[in-house]
Amino acid sequence: SSNPEDVGFGLPRANVIVCGTLWVLSMFAPTFPKPYDQLEQLAMLAFFVGIYPIAAKTWDSVKRFSLDANLLMCIAAVGAMGLQQYSEAAGLTFLFSLGEWLESRATGKAKRALESIVSLMPDTANKQTISEGGKVEFVEVPAEYIDVGDVVLVKTGDKIPVDGDVTKGESVVDESSLTGESRPVKKKVKSQVFSGTINIGMAPLTVTCTSTTENSTVSKLIELVEEAQANRSPTEKLVDEFAKRYTPVVVVTSFLMCTVPFFVAGKEVGMEWLYRGIVLIVIACPCALIISTPVAYVAGLAATAQKGIIIKGGVHLEALSRVKIVASDKTGTLTHGEFAVLNVDMVGKWKKKKEVFRCLAVMERESSHPMAAALVARAQTEGVTLTEKDQASEHEILKGEGVQGVVDGTRMYVGNARLMERLGLLKGLDASVLRKTKTWSKDGGTVGFMAVEKVGVVCVFVVSDKVRSESRSSIEKLKDMDIDVYMLTGDGEGAAHAVGDKIGIHRSMIKSGLLPVDKLNLIKSFKRSLSGIPVDLESGEADDGSEPIAFLSSGNVLMVGDGVNDAPALACSDVGVAMAESGAAIAMETADVALMDSDISKLIYSIEMGRNVVSVIKQNLVFSLLVKLVVIVLVMMGYGNLWVAIISDVGAMLCVTLNGMRLLPKKVAVDVKGKGGAKKKKAGEGEEAPLLGGDGVETYL
């Protein structure tokens, strides 16, 4: 917005300041010596100075056939002027405008936390060019001109323009703008770097780009934030709908109070009820009620964003508060998804060992599964060097099973035991080979096979994955929060149980050997069970064919995963959480929450924030309604006046706003100045700790 008041910067509008000054002077005028004691008439001037913006908004609302708080305040202020209550009219005008400004200033802090993410997008990049004479130079170009495969130089203090891999140099990078983590990350050759992060080390980095600005990490983050701001929760919609119906009722009721007594009881009683009708309009203004919900959501979304957690709107914050079951993928979620090949054994005498490894590497080089990179790396240690000609035709991912393709004119398969069993290839394996694979699985390894059409299985291998250090503590905290935790994995039973034992998930809560459709059915079964419908956990179907009813459910089901195989389950769950750092694009798009650095412990923070947000909303709604009810009763009994109504309305609005802003954490800040500044400073006492950052924006640590 071009108007500083709308986003919480600067001072109120000039007319608000003038209105307030004139009103204060009019209040103290009776104490001034003659002839200045007549300055109390300045209240009239204060009213006309301050009412114009409110009247303009009122007219816009009327043209849209929408009755809002501006209309109520405009009617009340004009009515007070008609009763010659000039001071009350000026005070109402000034305090209402001041309250709006204070509200925007308080909420502006949270809004800036989300909107400042847009500033993370770099403007320029130092692109490598090679002249006709072979001279290598770096030329500054707009970041959108960078293509996949281009080489860029990231100097000390510069933003990294797009995602890429370091090909030269060693430095440290500040990733706090994306992940919320204060610890700078060391980067060296082959390290992955992300757009929007800053090289704060003492050496430049040469980066080969793996994305463009349109599909970079920061672009995806901006899309998520825009979606978060657009999504509105059911509670927010309900409150707005209530306000739309409530305001006309108040206007009609007030009109009747201001007119009927004149005809029924005469002028004296009529004037008394006219005053009460104006007071009612002020009291009934739904400002506090309307702001009570969005202020909590905006603060909650900003607080989680500061931690590197992007939640796609208040509706999902609300859903997080009701989570009763968490279903988690294993690979890349509870584990790092960084595999190491432990053993590769040849089966039969199809071809020499090096040739088998070459075929295995060709089949896996195009796969996105974390295991594929480990198999290719192992092939390279066996002396295999792949060229551009080493490509698999008809390459296809078999979801939940593996891959298939044609290499050198021969169809091949690489995958798990389920794939081999479906192809009928396990029956022909020697018993000793099967025993070995079972032993590997019991020891916690992930077993795989490579088979050749018309030949059979030619090798078996086992890989292992490292459990995330935070997984066990996160599982324990979820249990302490009275949340059931399940592991859903396509891996074998042995590997699944080994990981489950390490992180504290009981074997009865582990479902292994699952296809994507199996995960989907299990999520459906969890949702039905929370709705009180008997289910078969194996098939996911209700015993009586019933479908769950959302509002009758005793809780929500959360699914967390990172891969293509998890996308259907993420979409079906009440809350889908994607591990953004290593996750597949489809998982990010399907999920409702993205953990930018794939730290599973942040799942706890998200759920707790959801519960806190809902708690604050309930407090705000009860407080807003209770204040109005008490003041209305006092007015009807003749104990209230216009000043009580004004103070209660503005005060309630500020109270619910500040209560919502409590959700924002106070942290130590980093100041990132200019194009490449990496100058840090702590937020001093009494200094407002800023939020997410970018160029010229202070960033939370």
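Quick caveat, the model's predicted, so the values are computed rather than measured.

Undergrad: So what exactly am I meant to see when it comes to the overall build of the protein chain here?
TA: Looking only at helices and strands, one finds 22 helices and 24 strands in the protein chain. Counting every position in the protein chain, which comprises 701 residues, the buried fraction comes to 53%. Excluding contacts between residues fewer than 6 apart, the proportion of contacts in the protein chain whose partners are at least 24 apart in sequence is 67%.

Undergrad: Help me understand the pattern of salt bridges in this model?
TA: Any two side chains of opposite charge can pair, so long as their charged atoms come close to each other. Using the criterion set out here, one finds 14 salt bridges in the structure. Three or more residues joined by partner-sharing salt bridges are found here, namely Glu-355, Arg-358, Asp-390 and Asp-408.

Undergrad: Help me understand a nonpolar patch on the surface, please; the structure alone is not making it clear to me.
TA: A surface patch of nonpolar side chains, amounting to about 790 Å² of accessible area, comprises Val-622, Leu-626, Leu-629, Val-630, Val-633, Leu-634, Met-637 and Tyr-639. Residue placement: Tyr-639 occurs in the loop between helix H21 (602-636) and helix H22 (642-661). On the basis of relative accessibility, which here comes to 62%, the residue Tyr-639 falls in the exposed class.

Undergrad: Looking at this model, I keep getting lost on the side chain of Asn-126. Mind explaining?
TA: Along the chain, Asn-126 turns up in strand E1 (residues 124-130). The class for Asn-126 is buried, based on a relative accessible area of 9%. In contact with Asn-126, not counting residues within four places along its chain, are Phe-138, Val-139, Glu-140, Val-151, Val-152, Leu-153, Lys-155 and Asp-158.

Undergrad: Where do I start with the sheet that holds strand E3 (residues 151-154) in this structure?
TA: Strands belonging to one sheet form pairs held by backbone hydrogen bonds; the direction of such a pair is parallel or antiparallel. Spatially, six strands are ordered E2-E1-E3-E9-E4-E7 in an open sheet, and the strand pairing comes out antiparallel. Edge positions in the sheet fall to strand E2 (136-142) and strand E7 (192-193), since each of these pairs with one other strand and no more. Looking at chain direction, E1 and E3 are connected through two bridges and run antiparallel. Residue pairing across strands places Lys-127 opposite Val-152, the latter belonging to E3.

Undergrad: Explain the nonpolar core here, please?
TA: Proteins that are soluble and globular tend to have nonpolar side chains buried together. Of all hydrophobic cores here, the largest spans 109 residues; its most connected members are Leu-488, Ile-505, Ile-523, Phe-526, Leu-558 and Leu-603. Among the elements that line this core, the one with the most residues is helix H10 (residues 287-306), at eleven residues. Val-356, Val-362, Leu-375 and Val-403 belong to the second largest nonpolar core, which has 26 residues in total.

Undergrad: Where do I start with helix H2 (residues 14-28) in this structure?
TA: Each α-helix turn comprises 3.6 residues. Residues three or four places apart therefore point the same way. Taking 1.5 Å per residue as the helical rise, H2 with its 15 residues ought to reach 21 Å, and the 22 Å between its terminal C-alpha atoms agrees with that figure. Of the positions making up H2, those classed as buried are Asn-15, Val-16, Cys-19, Gly-20, Leu-22, Trp-23 and Ser-26.

Undergrad: Could you clarify how one ought to interpret helix H17 (residues 493-503) in this entry?
TA: Of all eleven residues in H17, eight are buried; the element is thus mostly enclosed. Of the positions making up H17, those classed as buried are Gly-494, Ala-495, Ala-496, His-497, Ala-498, Val-499, Gly-500 and Ile-503. At the C-terminal side of H17, Gly-504 shows a positive phi close to 90°.

Undergrad: Before we go on, may I ask you to explain unusual backbone geometry in this structure?
TA: When glycine is set aside, most residues are seen to have a negative phi, and most peptide bonds are trans. At Lys-190, a residue that is not glycine, the phi angle is positive and equals roughly 80°. Relative to the helices and strands, Lys-190 resides in the loop between strand E6 (185-187) and E7. Of note, Asp-482 is a non-glycine position whose phi angle comes to about 65°, a positive value. With respect to the element layout, Asp-482 can be found in the loop between helix H16 (471-480) and strand E18 (484-488).

Undergrad: For this particular structure, what's the right way to read the packing of H21 against H22?
TA: For any two helices packed against each other, one specifies the inter-axial angle together with the distance between the axes. For the pair H21 and H22, interaxial distance at closest approach is 10 Å and the crossing angle is 175°. Here H21 lies roughly antiparallel to H22, going by the angle between them. Facing Val-616, Gln-619, Asn-620, Phe-623, Ser-624, Val-627, Lys-628 and Val-631 of H21, the residues of H22 in contact are Val-644, Ala-645, Ser-648, Asp-649, Ala-652, Cys-655, Val-656, Asn-659 and Gly-660. Its residues placed into classes, the contact of H21 with H22 shows nine nonpolar, six polar and two charged.

Undergrad: I'm lost on the environment of Tyr-486 in this one. Help?
TA: Within the secondary structure, Tyr-486 sits in strand E18. Between the C-alpha atom of Tyr-486 and that of Ile-505, which follows or precedes it by 19 residues, the distance is 7.2 Å. Each residue touching Tyr-486, except ones within four places of it in the same chain, is listed here: Ile-325, Val-326, Ala-327, Ser-328, Met-509 and Phe-526.

Undergrad: For this particular structure, what's the right way to read the environment of Met-44?
TA: With respect to the helices, strands and loops of the structure, Met-44 is situated in helix H3 (residues 42-63). Residue Met-44 is classed as partly exposed on the basis of its relative accessible area of 27%. If we skip the residues at most four places from it in the chain, Met-44 touches Met-81 and Tyr-86.

Undergrad: What is the right way to look at the packing of H16 against H21 in this model?
TA: Contact pair H16 / H21: the axes reach a minimum separation of 9 Å and the direction vectors enclose 25°. The pairing of H16 with H21 is recorded here as roughly parallel in orientation. Contacts between H16 and H21 involve Ser-474, Lys-477 and Leu-478 on the former and, on the latter, Leu-603, Ile-604 and Ile-607. Grouping the constituent residues of the contact of H16 with H21 by class yields four nonpolar, one polar and one charged.

Undergrad: Would you mind going over the sheet that holds strand E17 (residues 456-467) with me for this structure?
TA: One open sheet accounts for six strands, arranged E12-E17-E16-E15-E14-E13; its pairing is antiparallel. Edge positions in the open sheet fall to strand E12 (335-346) and strand E13 (393-398), since each of these has one partner strand only. For this sheet, the mean angle separating the axes of adjacent strands, direction not counted, is 20°. For E13 and strand E14 (residues 402-407), the ladder comprises four bridges, and the chain directions are antiparallel. Within E14, the position partnered with Ser-393 by the bridge is Val-406. The strands touched by helix H13 (residues 370-381) are E12, strand E16 (446-452) and E17; relative to E12, the strand with the most contacts, the crossing angle is about 45°.

Undergrad: Would you mind showing me how to read the packing of aromatic side chains here?
TA: In this description, a pair of aromatic rings is defined by centroid distance and the angle of the planes. For the coordinates displayed, the defined rule picks out one aromatic pair. Residues Tyr-486 and Phe-526 carry aromatic rings whose centres are separated by 4.5 Å and whose planes lie at 35° to one another, so their mutual orientation is tilted. Of this pair, Tyr-486 sits in strand E18 while Phe-526 sits in helix H18 (residues 516-530), and the two are 40 residues apart along the sequence. Phe-526 carries the same exposure label as Tyr-486, and that label is buried. If you follow Lys-307 out to its NZ or CZ, it ends over the ring of Tyr-605, 5.4 Å from the centre.

Reading the values: rules and limits
Residues numbered from 1 in each chain as written. Predicted model: local features only at pLDDT ≥ 70, side-chain atom pairs only at ≥ 80, totals over all residues. Heavy atoms only, no water. Helix = DSSP H or I, 4+ residues; strand = E, 2+ residues; numbered from the N terminus. Buried < 20%, exposed > 50% of the residue type's maximum accessible area, 1.4 Å probe, protein only. Contact = heavy atoms within 4.5 Å. Salt bridge = Lys/Arg side-chain N within 4 Å of Asp/Glu carboxyl O. Patch = residues over 30% accessible without salt bridge, like charges linked within 9 Å, V, L, I, M, F, W, Y side chains within 5 Å. Areas by Shrake-Rupley, 256 points an atom, 1.4 Å probe, with all protein chains shown as cover. Pairing = 2+ DSSP bridges. Core = buried A, V, L, I, M, F, W, Y, C linked by side-chain atoms within 4.5 Å. Expected span 1.5 Å × (residues − 1). Axes fitted to C-alpha atoms, helices over the stretch in contact; angles between N-to-C directions. Parallel < 35°, antiparallel > 145°, perpendicular 65-115°, else oblique. Nonpolar A, V, L, I, M, F, W, Y, C, P; charged D, E, K, R; others polar. Phe/Tyr/Trp six-rings, centres within 6.5 Å; stacked < 30°, edge-to-face > 60°. Lys NZ or Arg CZ within 6 Å of the ring centre and 35° of its normal.

All quantities given are derived from atomic positions and should not be read as evidence of function.
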